[in-house]
Amino acid sequence: MKIIYLADDDADDRKFFEDALKQVTIPTNLTLVSDGLELMSNLEIVNEPPPPDIIFLDLNMPRKNGFQCLEEIRNTPKLKDIPVVIFSTTANEEAVNKTYLHGANHYICKPASFMLLIKAVETVLTLDMWQKPQPRKEEFVLEFS
Amino acid sequence: MPEYKLSETIKELAFQMEEKEKRDAELVIANKELIFQNEEKEKRAAELIIANKELIFQSEEKEKRAAELVIANKELIFQNEEKEKRAAELIIANKELESFTYISSHDLQEPLRKIQIFSTRLFAEESENLSANGKKYVLRMQDAANRMQSLIADLLAYSRTTTSERKFEATDLNVIIEEVKNDFKEVITAKQAAIEVGEMCVALIIPFQFRQLIHNLIGNALKFSRPDKAPHIKITSRIIKGIQAKAQNLLSEKEYCHITVTDNGIGFEPKYNDYIFEIFKRLHDKEKIPGTGIGLTIVKKIVDNHKGIITATGELNKGATFDIYIPST
């Protein structure tokens, strides 16, 4: 059972993600949070192993955004190894560079169709990112079309 | 008194008399001369007075001019400052416009994506509840949403050509062309297109922008191909002097990298040579040939960013040629 966190302030996007995850054959346990502050307070109480297998992180969120969360996660010893996949509306160069620099594992542009979303979620779940080095910059952004 | 002495005295007197008369005559002449000289001096003095007055007048005029110049100068300085202010305001307004384009395009993507996802789910998951017409409407809706997506993507690409950093690097155009060919490898195979690349020069360019430029030109050449003819695209480049170029507005002694992209596609009527570079301008029904009308505007913008010139020449159903001239140093 893979433990998945999704931090996204958009209710529709959270619902799409939840529905897409149900279509994936891999058994999962999903925790949904609606901003960075909620994500970090959820992660703080992760004291009993296992920690989440993957955090899907939106960038533009109120109160605490994705960049801040990523930095905090990478600077917190007990959280720093958790794979973080950026899940954002656009892949502009600045955001991609910044999140790569701060140690995100992959970057996904939210797909424009439900089928592609399922494909994206499924692909990420099958990646072996735990304690693996960051991919090369060219392989950082995952494209689904 | 002896007689001889008298006559001597008379002689002497006569002589003295003559001498006096001579002196008198000389004095008269000298006097006349003096009078003349005096008159001349008075004339000179009068002339000097006039000249002096003239000089005073000129001096005053000069001072007036100087004062006027000081005023004119102040006016110019003021105008210059005003112009600088306007220029600074324009730069700010431009930046605002650029960031507005960027932010609006970015933020528009989010609701659009929702429309796309809901419509794909509506079609996939609620299909049995939809009539044939209902399904058709959903598909039309998806088409429209997809068109809007490419429009936003192109607008973003366009705004990036103005907002992004402009770092010029000496770049091998062959590398860029190879990368772009790779972008299109599926279309190239499907349409059996031939892309002929001549000897390419190394050019001083903004690499990622030039990649976009070549991408758009090759993309267009592949898109606007004739249905009955496999696309044949020729790309050449060479260094020339401005004077050797067909295009106007080039410095005759300056060296330019002249890049030509020619295709054998559907071309266009010569009257549209300039029109095709304008934003959102299209020559074809979007149902038949998709597109946003931004591609060549981006190309033009990128050439502008390189301080270059681009011209398009087309002939209907024969093909199109794009000539690009960018300074080689």
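See above for the structure.
So, a few notes on the structure that sits alongside this text. The structure displayed is predicted, hence computed values, not measured ones. (Residues numbered from 1 in each chain as written. Chains lettered and ligands numbered in written order. Predicted model: local features only at pLDDT ≥ 70, side-chain atom pairs only at ≥ 80, totals over all residues.)

**Description of the overall build of chain B**
Quick reminder of the rule: Helix and strand labels come from DSSP, where a helix needs a run of H or I of at least four residues and a strand needs a run of E of at least two; each type is numbered from the N terminus. Put simply, a residue is buried when 20 or more other C-beta atoms lie within 10 Å of its own C-beta and exposed when 12 or fewer do; between those, it is partly exposed, and each C-beta is set from the backbone. We call two residues in contact when their backbone-placed C-beta atoms lie within 7 Å.
Assigned secondary structure in chain B consists of six helices and seven strands. Secondary structure elements in chain B, listed N-terminal to C-terminal, are α-α-β-α-α-β-β-α-β-β-α-β-β. A burial count over chain B gives 23% of its 329 residues as buried. Sequence-distant contacts, at least 24 apart, represent 71% of the contacts inside chain B between residues at least 6 apart.

**Describing the overall build of chain A**
Per the secondary structure count, chain A includes five helices and six strands. In chain A, the succession of helices and strands from N to C terminus is β-α-β-α-β-α-β-α-β-α-β. A buried classification covers 33% of the 145 residues belonging to chain A. Restricting to contacts in chain A with at least 6 residues of sequence separation, those with at least 24 account for 70%.

**Section: unusual backbone geometry**
Residue and element names in this part refer to chain B. Within the chain, Q192 stands out as a residue other than glycine whose phi angle is a positive 50°. Looking at the element boundaries, Q192 is found in the loop between α4 (185–191) and β2 (194–197). Among the residues examined, Q192 registers 10 C-beta atoms within 10 Å and is labelled exposed. In the Ramachandran plot, N317 falls in the positive-phi region, its phi being about 65° despite a non-glycine side chain. Tracing the sequence through the fold places N317 in the loop between β6 (309–315) and β7 (319–327). With 12 C-beta atoms counted inside 10 Å, the residue N317 sits in the exposed group.

**Some details on the packing of helix α5 (residues 207–223) of chain B against helix α6 (residues 295–305) of chain B**
All names here are of chain B. Rule in force here: Angles here are taken between N-to-C directions and fall from 0 to 180 degrees, while the axes themselves are lines fitted to C-alpha atoms, restricted in helices to the stretch in contact. Crossings are sorted by hand: turned counterclockwise from the far helix by less than a right angle, the near helix makes the crossing left-handed, and turned clockwise it makes it right-handed. In this count, Pro and Cys sit with the nonpolar residues alongside Ala, Val, Leu, Ile, Met, Phe, Trp and Tyr, while Asp, Glu, Lys and Arg are called charged and the others, Gly among them, polar.
Closest axis-to-axis distance for the α5/α6 pair is 9 Å, and the angle between their directions is 145°. Every pair of crossing elements has a handedness; the one defined by α5 and α6 is left-handed. Only G295, L296, I298, V299, I302 and N305 of α6 make contact with α5, whose side of the interface consists of Q209, F210, Q212, L213, N216, L217, G219 and N220. When grouped by side-chain class, the residues that make up the contact of α5 with α6 number seven nonpolar, seven polar and no charged.

**Description of the nonpolar core**
All names here are of chain B. Filter applied, for reference: A set of buried residues drawn from Ala, Val, Leu, Ile, Met, Phe, Trp, Tyr and Cys, joined through C-beta atoms within 7 Å, is what defines a nonpolar core. Domain start and stop points were drawn from an automatic or database domain assignment.
Counting 42 residues, the largest nonpolar core has I214, L217, V299 and I326 as its most contacted members. When we break this core down by domain, the ones giving at least three residues each are domain 1 (1–163) and domain 2 (168–327). Sequence-distant contacts of I326, that is, excluding residues within four places in its chain, are made with A203, I205, Y256, C257, V303, H306 and G308.

**Side note on the interface of chain A and chain B**
Every contact between the two is made by nine residues of chain A and, on the other side, 11 residues of chain B. Looking at the side of chain A that touches chain B, the elements that each hand over two or more residues are α1 (11–23) and α5 (114–126) of chain A. By residue class, the composition of the side of chain A that touches chain B is four nonpolar, three polar and two charged.

**Focus on the packing of α1(A) against α5(A)**
All names here are of chain A. Defined as follows: Relative orientations are named as follows: roughly parallel for angles under 35 degrees, roughly antiparallel for angles over 145 degrees, roughly perpendicular for angles from 65 to 115 degrees, and oblique for any other angle.
Put simply, α1 and α5 touch, their axes get as near as 9 Å, and they point 65° apart. Compared by their axis directions, α1 and α5 come out roughly perpendicular. Considering only the axes of α1 and α5, their crossing is right-handed. Across the interface between the two elements, F16, A20, L21 and Q23 from α1 touch F114, L117, I118 and V121 from α5. Looking at side-chain class alone, the contact of α1 with α5 contains seven nonpolar, one polar and no charged residues.

**Some words on α6(B)**
Residue and element names in this part refer to chain B. By the criterion of burial, α6 is predominantly enclosed, with nine of the 11 residues buried. Within the sequence span of α6, burial applies to G295, L296, T297, I298, V299, K300, K301, I302 and V303. Note on α6: the residue one or two positions beyond its end, K307, has a positive phi of about 55°.

**Focus on the sheet that holds strand β5 (residues 106–109) of chain A**
Residue and element names in this part refer to chain A. Inclusion rule: Strands are labelled as partners when DSSP assigns at least two bridges between them.
Reading across the sheet, the six strands line up as β2-β1-β3-β4-β5-β6 and stay open at both edges, with parallel pairing between neighbours. At either margin of the open sheet sits one strand with a lone partner, and together these are β2 (28–33) and β6 (141–142). Pairing geometry for strand β4 (residues 84–88) and β5, over four bridges, is parallel. What sits directly across from F87, in β5, is I108. Contacting β1 (2–7) and β2, helix α2 (residues 36–44) runs over the sheet at an angle of about 130° to β2. Docked against the sheet, α5 engages β1, β3 (54–57), β4, β5 and β6, running at close to 170° with respect to β5.

**Digging into the sheet that holds strand β4 (residues 232–241) of chain B**
Residues and elements named next belong to chain B. Pairing within the open sheet is mixed, and its five strands lie in the order β2-β4-β5-β7-β6. A single partner strand is all that each edge strand has here, and the edge strands are β2 and β6. Along the sheet, successive strands turn relative to each other by an average axial angle of 15°, direction set aside. Pairing between strand β5 (residues 255–262) and β7: seven bridges, direction antiparallel. By the bridge assignment for β7, T260 is matched with D323.

**Details of the environment of G134(B)**
All names here are of chain B. Its location among the elements puts G134 in helix α2 (residues 132–163). Residue G134 is classed as partly exposed on the basis of its C-beta count, with 14 C-beta atoms lying within 10 Å. Counting along the chain gives 11 residues from G134 to F123, while the straight-line C-alpha distance between them is 9.2 Å.

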